[in-house]
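As a plain string of letters, each chain reads:
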Amino acid sequence: VQLQASGGGLVQAGGSLRLSCAASGLTFSTYGMGWFRQAPGKEREFVAAMRWSVLVTYYADSVKGRITISRDNAKNTVYLQMNSLKPEDTAVYYCAASTAASSAWPRGQFAYDFWGQGTLVTVSS
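Now for a quick tour of the structure. In this numbering scheme, every chain counts its residues from 1 along its sequence in written order. Local features in a predicted model are, by the rule used here, given only for residues with pLDDT of at least 70; side-chain atom pairs are given and counted only at 80 or more, and totals for whole chains, interfaces and linings are based on all residues. Values shown for side chains rest on all heavy atoms present in the structure; no hydrogens or waters enter the calculation.

Each helix corresponds to a stretch of at least 4 residues labelled H or I by DSSP, and each strand to a stretch of at least 2 residues labelled E; elements are numbered beginning at the N terminus. Looking at the element boundaries, threonine 99 is found in the loop between strand S9 (91-98) and strand S10 (114-115). Type-normalised accessible area, obtained with a 1.4 Å probe on protein chains alone, sets the label of each residue: buried when under 20%, exposed when over 50%, and partly exposed for intermediate values. For threonine 99, a relative accessible area of 37% gives the class partly exposed. Residues count as neighbours in contact if any of their non-hydrogen atoms are within 4.5 Å of one another. Apart from residues no more than four positions distant in its own chain, threonine 99 is found in contact with Tyr31, Trp52, Ala111 and Asp113.

In this section: the sheet that holds strand S7 (residues 67-72). Reading across from one edge, S1-S3-S8-S7 is the order of the four strands in this open sheet, with antiparallel pairing throughout. The open sheet is flanked by strand S1 (2-6) and S7, the only strands paired with a single partner. Neighbour-to-neighbour, the strand axes of the sheet open up by a mean angle of 15°, direction not taken into account. Two strands pair when backbone bridges link them, and strand S3 (residues 17-24) and strand S8 (residues 77-82) are joined in this way by six bridges, in the antiparallel orientation. Counterpart to serine 20 in the pairing with S8 is tyrosine 79. What makes two strands pair is DSSP finding at least two bridges between them. The axes are straight lines fitted to the C-alpha atoms, using for helices just the contacting stretch, and the angles between their N-to-C directions are given from 0 to 180°.

What follows is about the packing of aromatic side chains. Only centres within 6.5 Å qualify two rings of Phe, Tyr or Trp (six-membered ring in Trp) as a pair; their planes then separate them into stacked at under 30 degrees, edge-to-face at over 60, and tilted for everything else. Throughout the structure, instances matching the rule amount to seven aromatic pairs. Their ring planes at 85° and their centres at 5.1 Å tell us that phenylalanine 36 and tyrosine 112 sit as a pair that is edge-to-face. Placement of the pair is phenylalanine 36 in strand S4 (residues 32-38) and tyrosine 112 in the loop between S9 and S10, with a sequence separation of 76 residues. Judged by centre distance (5.8 Å) and plane angle (55°), the ring pair of tyrosine 112 and tryptophan 115 falls under tilted. Residue tryptophan 115 is classed as partly exposed on the basis of its relative accessible area of 29%. Put simply, the rings of Phe36, Phe46, Tyr58, Trp105, Tyr112 and Trp115 touch in pairs and so form one group of aromatic residues.

Next up, the structure:
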């Protein structure tokens, strides 16, 4: 299984970025997908997630209204559209795949079976 995250970069505060995560080696449409982030010196934290067949989404309070998760099952890809970015959004962003069978779903890291390598987002003030 491979999860390849991309789309990170340097952006000014107030700007936008769209992250992508391309999955291979798994039946993508049967997995819940999530995004986490880890800022320098901090623990990895939940950002957003969505199920595979029911269009239910979950967001961290800190990003609600600014960030949108979506997926294209035909392309085996999950996206994270980030708008109105703030310097505190600076982090390495990771995508992850979950069977969503764990009680930790969707916010717990232990709910996820596979992880991508991360993509760095830097928001300048």
